[in-house]
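A look at the structure
So you can see what is in the structure, the chains are spelled out below.
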2 protein chains.
Amino acid sequence: MNIGDVSSRSGLPAKTIRYYEDIGLIKPLRSANGYRSFVAADLHRLAFLGRARALGFTIEDCRTLMALYRDESRASADVKHLAQEHLSKIEGKIRDLQTMHDTLSELVKCCAGDDRPDCPILRDLSGISAALS
Amino acid sequence: MNIGDVSSRSGLPAKTIRYYEDIGLIKPLRSANGYRSFVAADLHRLAFLGRARALGFTIEDCRTLMALYRDESRASADVKHLAQEHLSKIEGKIRDLQTMHDTLSELVKCCAGDDRPDCPILRDLSGISAALS
DNA sequence: ATGAAGGTTCCAGTCAGGGGAGGGTCAAGG
DNA sequence: CCTTGACCCTCCCCTGACTGGAACCTTCAT
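The structure presented is a predicted model; accordingly, all values stated were derived computationally and were not measured.

Parameters at a glance
Residues numbered from 1 in each chain as written. Chains lettered and ligands numbered in written order. Predicted model: local features only at pLDDT ≥ 70, side-chain atom pairs only at ≥ 80, totals over all residues. Heavy atoms only, no water. Domains from an automatic or database assignment. Contact = heavy atoms within 4.5 Å. Buried area = accessible area lost by both parts, 1.4 Å probe. Salt bridge = Lys/Arg side-chain N within 4 Å of Asp/Glu carboxyl O. Polar contact = N/O pair within 3.5 Å; in protein donor to acceptor, adjacent residues only side chain to side chain. Disulfide = S-S within 2.5 Å. Buried < 20%, exposed > 50% of the residue type's maximum accessible area, 1.4 Å probe, protein only.

Residue and element names in this part refer to chain A. Structurally, chain A comprises domain 1 (1–74) and domain 2 (76–133). One C-alpha centre belongs to domain 1, the other to domain 2; they are set 36 Å apart. Each partner contributes residues to the interface: domain 1 has 8 residues there, and domain 2 has 7 residues. Here domain 1 meets domain 2 over a buried area of about 600 Å², counting both sides, of which 74% is carbon and sulfur. Looking at the side of domain 1 facing domain 2, the largest losses of area belong to Phe 57, Leu 68 and Arg 74, adding up to 55% of the total buried there. Inspection of the domain 1/domain 2 interface yields 0 salt bridges. Taken together, domain 1 and domain 2 are joined by 3 residue pairs in polar contact (both at pLDDT 80 or more).

Residue and element names in this part refer to chain A. Counted by the stated rule, this structure contains 0 disulfides over all chains. Not engaged in a disulfide, the cysteine Cys 110 finds its nearest cysteine sulfur in Cys 111; these two sulfurs lie 8.8 Å apart. Of the cysteine sulfurs around Cys 119, a residue in no disulfide, the closest is that of Cys 111, at 3.8 Å. Exposure remark for Cys 119: the relative accessible area of 3% places this residue in the buried category.

Rendered as structure tokens:
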């Protein structure tokens, strides 16, 4: 299989697949003409990577996860621990975004949004302490 | 005021302040010795930037917001529109993260997390269609 | 023989800064 | 007068996870 086939089957851009080879996540063979030659195992690894990335794991996490996957004597606790760490990072990001969202949507709600210049969003950004309302 | 004072007053790292000058967001004067010399207006702009960044606006958004702030004849609709676009990007990110969170926490819940190798997280990543449970 | 559609490598750019080298400046103390 | 330490300066490389593009090679169909 050439990279184009693998790309359409895995859903990953060819650029991404080359990048994954660059950083050592996959090691496809080469044909005589220099083209990468993928076998089923490569496709499987790429699909694994695609799913792990879709869950937001970093590349380094993916490397660890693949190592655990190949290690038949792994402890599921190790996998679970990694996933939980990642989960709490996700939760942190959601909290941060939610805070931004709440503040900003409040400001947006207060803004008339017409052709007059007065704007509570800019007022807030400029640091008027928005006091005593 | 030197950059150190401005840094501690604005809460922004000196590196960030220099970077903001680099990309043209502020233009502090220089003393004879080459040091940046900040006046109150610079501090105000930096505080504005800090708050806008804390709300997740990109640097380019900040540039636009500052231009709107300085334009006395702006329409609040323009500000509101920018804020709403940003808000919907935030909402998209929250949705994405929430989806990851839900999937991953379900997998984590199903993982024994002991010293045995069997692990539903890895099983899912490896593409077992997880069917008929 | 030619043209299109694939493949290859390598370089540069993204975003918003962070880290550190190598060096100049300033105020206080000995 | 000299030194010490705390500032400040510029410059360059690094981050993550790719993406875009240039310049070039291979394969296949016409």
